[in-house]
Amino acid sequence: MLPERYAPPYIRCCKRGSIMRIFIAVAHLLGAGHLTRAAALGRAFVKLGHDVTLATGGAPTSLANTDGLTIRQIPPVKADGLNFKTLLDGTERVATVEYLALREEKLLDLYRAAPPDILITELFPFGRRLLMHEFRNLLELARTTLPRPLVLASIRDILATPTVEGRVDETHALLRSHYDGVLVHSDPTFIALDTSWPRVSEIADLIHYTGFIDENGASAGSWPREGIVVSGGSSLASLPLYRAALYAARQIPHRRWTILIGRNIPDGDFTSLQNGCPDNAFVERARPDFRAMLARAELSISQAGYNTVIDLLNAAPRALLVPFEAGGETEQMLRAKTLVAHGFGQILREGELSPDVLAALAEEALNKPLPPCPDVNLNGAAQSASLALTLFKEKRAVSQRLLSALWRPLDDALARAAGLGKTLSFWWRDDDAATVTEALERLLALRDRFALPLALAAIPERFDPSLADRISEILSVRLMVHGWRHKNHAAGDVKKAEFGADRALGHLTVDALNGLKRMQETINARHSSLLIPVFVPPWNRIAGKLVPQLPHLGFTGLSTFGDRPPPVPGLRQINCHIDPVDWRKERSLVPQEAIIATLVRAITERSDGATDEPIGILTHHLVHDEAIWEFCEALLERLPVEQPERSGVIQWPRIGDLWPVDRRN
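Residues numbered from 1 in each chain as written. Predicted model: local features only at pLDDT ≥ 70, side-chain atom pairs only at ≥ 80, totals over all residues. Heavy atoms only, no water.

J.: Pulling in residues and values, what's your account of the overall build of the protein?
T.: Counting its secondary structure elements, the protein contains 18 helices and 23 strands. In terms of overall dimensions, the protein has a C-alpha envelope of 110 × 50 × 45 Å along the principal axes. Taken across its 665 residues, the protein has 55% of its residues classed as buried. Residue pairs in contact within the protein that sit at least 24 positions apart in sequence constitute 73% of those at least 6 positions apart. A total accessible area of about 28100 Å² is found for the protein, and carbon and sulfur atoms account for 52% of it. Here the protein holds 75 positive side-chain charges and 78 negative ones, and the gap between their average locations is 3 Å. (Helix = DSSP H or I, 4+ residues; strand = E, 2+ residues; numbered from the N terminus. Buried < 20%, exposed > 50% of the residue type's maximum accessible area, 1.4 Å probe, protein only. Contact = heavy atoms within 4.5 Å. Areas by Shrake-Rupley, 256 points an atom, 1.4 Å probe, with all protein chains shown as cover. Lys, Arg positive; Asp, Glu negative; His and termini not counted. Charge placed at Lys NZ, Arg CZ, Asp CG, Glu CD.)

Okay, here's the thing in structure tokens:
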């Protein structure tokens, strides 16, 4: 459940032409590879003319290319060295619950500021378990966005194979409940997802291979080759390789060694490496022309990270791979073994790394011919963006086709009313309001989207003045009196009722009067016009003996559910007729066809002149699940205030005009 402060409005603004909003959430805990890949993906969307927000939650890192991206840093976390079970905050202390809550708040605020058309989570839910809470709340936030964005997971070629029982089940359940697809940035002819992740067949329909995301894009070309280039990741885990390379360089003095140090290696370590350099070696920070350097190198000595391997495949030097294996990591070793299986490079195990062994293997590699370059798809960024946009369009198209068939009876009924020159009045009542909640905010967001009048039937005993404050700025929302305590007084198997026939009339009148007075007294005087003195009995059941007494108690209106009974002098009754909640079963959505059939009957009765009562739509925001919210949104889309093809057919009177007690309303 989302914290209350993150309740909607999450209604996307009208699009500016065909420009779409993309939101990519990434949290890199050790190196910068995940961030680099996410940025490359984002730039591919930018090249297609779309807006991209990249929300980064790892340690601040200087990216080589951020062209067109909106980069937003939230309070950072990183792994405690190679311990991925502990998170450190931006001051190198263990991240507290409060600090993680602040991260989450900033992340969700970024989303709310510009709700996207497409949401992409990098690695999650296949990884980032320590950040499960913030990612799940981000997904819940996306679920409440109207209309919902396309949600995709973005993952590399190789994942950490789950070792905890139930982890795969949990991940697959999250994918089924929240995601529309998984972008696997790999070429399945080179490395397929089932190399590292079990039971891929269970989610095969969600998997989309994109090819590898090549950060540097263009081919490096062909150059004369000389020298050795040593590179590692941007984390401290690459220090042993750098240090061994400095000593190995002394044993191969006839070659120039260039040792490129990751941007996140502390300055003290960088200076120490520089000071230990032999004459034939040069220590520099990682450079943006790394691809070109590899294309000119006789030999590359490196780890086997995702981006480095792509550079190797593109530039095709001889390669000596020292995969990162500390902390039980298997990703780089699997990738390195795949390269070797394709005839590319050789492996030096991290546990066997020493200056002498490194020098010996380097000499051996230098005497080998250049490796064949595997035929691998390296156009993953562009293909990912194109695929995501295609999935977005397909999702919308499928949804529209299904909805068109579902809603055709309603469209036909409205068309018939238009042909007869009829005007159909609709109104909307929501029951059980008491205070400002996440669900209420979502209800108001839905109302805002369609700019419709709304009557909130509030429970007097539970009524919080903050509710009046919240809706006071919305001209077309009014309050009604929803009984007194919303307490069931029916005995045994009798249907629930607070104002049922088995209670004495005196008790009924006292409770009804208490409800009205409580509402009048609680609402601030400056908000008094918000209250319409309409009685709405809980469970829509009221004793016939109480109805004639309502005008004497100060009520001018009554609203229940179903067909309107004969009128009572001094009391205007307008009921609701459509309720999407299946109260008899699991309180989820009534079969949509049944709801639409009921609505069609109501329209037909008014088209034929059997009644002129406005058609009432009843909702209960506190019990809505996602299916009910989505149905309500779809229904209101088809009953807009202004609909050119049915001009004059549909109208939504103001609540104050339905019960014209106060003409100022």
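J.: Provide a residue-level description of the pattern of salt bridges, including the pertinent values.
T.: Inspection of the entire model under this criterion finds 37 salt bridges. Across the salt bridge formed by Asp157 and Arg335, the nearest N and O atoms sit 2.6 Å from each other. With Asp157 in the loop between β7 (150–155) and α4 (167–178) and Arg335 in helix α9 (residues 331–341), the pair connects residues that are 178 residues apart, well separated along the chain. Residues Asp157 and Arg335 agree in their burial class; the two are buried. Connected through shared salt-bridge partners, Arg156, Asp157, Glu331 and Arg335 make up one network. (Salt bridge = Lys/Arg side-chain N within 4 Å of Asp/Glu carboxyl O.)

J.: Outline the nonpolar core, supporting the account with residue identities and numerical values.
T.: Inside soluble globular proteins, nonpolar side chains tend to come together where they are buried. Membership of the largest hydrophobic core comes to 69 residues, with the highest contact counts inside it found for Phe426, Leu456, Leu467, Leu479, Phe535, Ile603 and Trp652. With seven residues, helix α17 (residues 626–637) is the largest single contributor of residues to this core. Setting aside chain neighbours within four positions, we find Leu456 in contact with Asp430, Ala433, Leu440, Leu443, Leu467, Ile471, Val477, Arg478, Leu479 and Met480. (Core = buried A, V, L, I, M, F, W, Y, C linked by side-chain atoms within 4.5 Å.)

J.: Report on helix α2 (residues 97–113), specifying residues and quantitative values.
T.: End to end, α2 covers 24 Å across 17 residues, agreeing with the expected 24 Å (1.5 Å per residue, within 8%). Of all the positions in α2, only Tyr99, Arg103, Glu104, Leu107, Leu108, Leu110 and Tyr111 are classed as buried. In this structure, the buried side of α2 is in contact with β1 (21–26), β2 (51–56), β3 (70–73), β6 (118–122) and α3 (132–144). (Expected span 1.5 Å × (residues − 1).)

J.: So, the side chain of Asp214: which residues are in play, and what are the values?
T.: Among the structural elements, Asp214 can be located in the loop between β9 (207–209) and β10 (228–231). In this structure the side chain of Asp214 is engaged in a polar contact, spanning 2.4 Å, whose partner is the side chain of Arg291. Engagement of the side chain of Asp214 in a polar contact is seen with the side chain of Asn314, the distance being 3.3 Å. Apart from residues lying up to four places away in sequence, Asp214 is in contact with Arg291, Ile310, Asn314 and Leu378. (Polar contact = N/O pair within 3.5 Å; in protein donor to acceptor, adjacent residues only side chain to side chain.)

J.: Residues and numbers for the packing of aromatic side chains, please.
T.: This model, assessed by the stated rule, comprises ten aromatic pairs. Geometrically, the ring pair formed by Phe212 and Tyr306 is tilted, given 5.6 Å between the ring centres and 45° between the ring planes. Highlighted residues: Phe212 in the loop between β9 and β10 and Tyr306 in helix α8 (residues 306–315), separated in sequence by 94 residues. Look at Phe212 and you get buried, because its relative accessible area is 2%. With a relative accessible area of 4%, Tyr306 lands in the buried category. One aromatic cluster is present, formed by Phe190, Phe212 and Tyr306 through successive ring pairs. Between the NZ or CZ atom of Arg37 and the centre of the ring of Tyr306, over which it lies, the distance is 4.5 Å. Its end group placed over the ring of Tyr247, Arg250 keeps NZ or CZ at 5.2 Å from the ring centre. (Phe/Tyr/Trp six-rings, centres within 6.5 Å; stacked < 30°, edge-to-face > 60°. Lys NZ or Arg CZ within 6 Å of the ring centre and 35° of its normal.)

J.: How would you summarise the sheet that holds strand β8 (residues 181–184) if you had to cite specific residues and measurements?
T.: Spatial ordering of the open sheet is given by β3-β2-β1-β6-β7-β8-β9, a layout of seven strands whose pairing is parallel. Across the chains shown, the open sheet's two edge strands, defined by having one partner strand only, are β3 and β9. In this sheet, adjacent strand axes meet at a mean angle of 20° when their direction is disregarded. Here β6 runs beside β7; their pairing, made up of five bridges, is parallel. (Pairing = 2+ DSSP bridges. Axes fitted to C-alpha atoms, helices over the stretch in contact; angles between N-to-C directions.)

J.: Describe the pairing of strand β22 (residues 615–619), with residues and values.
T.: Most of β22 sits out of view: five of its five residues are buried. Of the two faces of β22, both are covered, the one formed by Ile615, Ile617 and Thr619 as well as the one formed by Gly616 and Leu618. Inspection of the sheet shows strand β16 (residues 424–433) paired to β22 by five bridges, in the parallel sense. Looking at the pairing, Trp428 lines up with Ile617 of β22.

J.: Now, about the sheet that holds strand β11 (residues 257–261): what can you tell me, with residues and values included?
T.: Paired through their backbone hydrogen bonds, the strands of a sheet run either parallel or antiparallel. The sheet built from six strands is open, its strands ordered β12-β11-β10-β13-β14-β15 with parallel pairing. Both edges of this open sheet fall to β12 (281–285) and β15 (346–347), since each of them pairs with a single strand only. Pairing between strand β13 (residues 299–302) and strand β14 (residues 318–321): four bridges, direction parallel. Bridge pairing in β14 links Leu299 to Arg318. In the packing of helix α6 (residues 267–275) onto the sheet, the strands contacted are β11 and β12, and the crossing angle to β12 comes to about 165°.

The quantities given are spatial measurements derived from coordinates; they are silent on function.
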